[in-house]
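A structural walkthrough
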Amino acid sequence: METQSPGRQFWIAWLLVVSAGVAVFGLGLVLLPALTRQAFSLIVYASPSSLDAFGAEQVRYLSLVHAVLGGVMAGWGCLLFLVARELMQSNHPCAWRLMTGSLLAWFIPDTAYSLLSGYWQNGVLNGVFLLLFAIPLLALRRGQGNRA
């Protein structure tokens, strides 16, 4: 493995933290269903109890959807972490494309649907997640030259 500049190490560490955060967030969706519903209810309806007022069956289904989403996010966060740690760290030419492509494949349809369906709050949340990845990815892209 080639020696990494301190700046490059910083951006890779940032990606590792954010990727781990995605995985932990995903696990939170699975392991803390009531808190998850309250948080999304607060974001979307400005009240932590609005989703729980939908009815028992609907709340159970929302919990299932959040758990499935959480499992997918936990797996995706682990994959992003490994790409950053193994491929980005070794300056593999496809690392940047793998991370960026994965993020755009999530961000574009998820955010477009959120905005089109009137749930702009989820679009804002998506934008924050994307920005947390975009900052180090852009910094690393500039520093890689033609390798990315």
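Side note on the overall build of the protein
From N to C terminus, the protein includes five helices and zero strands. Taken from the N to the C terminus, the helices and strands of the protein come in the order α-α-α-α-α. Dimensions of the protein, computed from the C-alpha atoms along their principal axes, are close to 55 × 30 × 20 Å. Restricting to contacts in the protein with at least 6 residues of sequence separation, those with at least 24 account for 68%.

Here's the deal with the pattern of salt bridges
Overall, the coordinates contain three salt bridges when judged by the stated rule. Measuring nitrogen to oxygen at the nearest pair gives 2.6 Å for the salt bridge that ties Asp52 to Arg37. Here Asp52, found in the loop between α2 (33-45) and α3 (56-88), pairs with Arg37, found in helix α2; they are 15 residues apart in sequence, far enough to count as distant. Classification of Arg37 by relative accessible area gives buried; the value is 10%. Here Glu86 ties to Arg85 by a salt bridge, and the two come within 2.8 Å at their closest N and O atoms. Residue classification places Glu86 among the partly exposed residues on the basis of a relative accessible area of 42%.

Quick look at the packing of α3 against helix α4 (residues 95-116)
The N-to-C vectors of α3 and α4 enclose an angle of 160 degrees; their axes lie 9 Å apart at closest approach. As far as their axial angle goes, α4 and α3 are roughly antiparallel. In the crossing of α3 with α4, the sense of the turn from one axis to the other is left-handed. Taking contact as the criterion, the partners of Trp76, Leu80, Val83, Ala84, Leu87 and Met88 in α3 are, on α4, Ala95, Trp96, Leu98, Met99, Ser102, Leu103 and Trp106. For the contact of α3 with α4, a count of residues per class yields 12 nonpolar, one polar and no charged.

Considerations on the environment of Ser49
Its location among the elements puts Ser49 in the loop between α2 and α3. For the pair Ser49 and Gly70, spaced 21 residues apart in sequence, the C-alpha to C-alpha distance is 21 Å.

As for α3
Given a rise of 1.5 Å per residue, 33 residues ought to cover 48 Å, and the 45 Å separating the end C-alpha atoms of α3 matches this to within 8%. Inspection of α3 places Val59, Ser63, His66, Gly70, Met73, Ala74, Trp76, Gly77, Leu80, Val83, Ala84 and Met88 among the buried residues, and these make up the whole buried set.

Section: the packing of aromatic side chains
Inspection of every chain in the model, using the stated rule, returns seven aromatic pairs. Considering the side-chain rings of Tyr45 and Phe54, the 6.3 Å spacing of their centres and the 80 degrees angle between planes classify their relative orientation as edge-to-face. Overall, the relative accessible area of 37% leaves Tyr45 in the partly exposed class. Aromatic ring contacts, followed pair by pair, group Phe10, Trp11 and Trp14 into a single cluster.

Conventions and cut-offs
- Residues numbered from 1 in each chain as written.
- Predicted model: local features only at pLDDT ≥ 70, side-chain atom pairs only at ≥ 80, totals over all residues.
- Heavy atoms only, no water.
- Helix = DSSP H or I, 4+ residues; strand = E, 2+ residues; numbered from the N terminus.
- Contact = heavy atoms within 4.5 Å.
- Salt bridge = Lys/Arg side-chain N within 4 Å of Asp/Glu carboxyl O.
- Buried < 20%, exposed > 50% of the residue type's maximum accessible area, 1.4 Å probe, protein only.
- Axes fitted to C-alpha atoms, helices over the stretch in contact; angles between N-to-C directions.
- Parallel < 35°, antiparallel > 145°, perpendicular 65-115°, else oblique.
- Left-handed = near helix turned anticlockwise from the far one by under 90°.
- Nonpolar A, V, L, I, M, F, W, Y, C, P; charged D, E, K, R; others polar.
- Expected span 1.5 Å × (residues − 1).
- Phe/Tyr/Trp six-rings, centres within 6.5 Å; stacked < 30°, edge-to-face > 60°.

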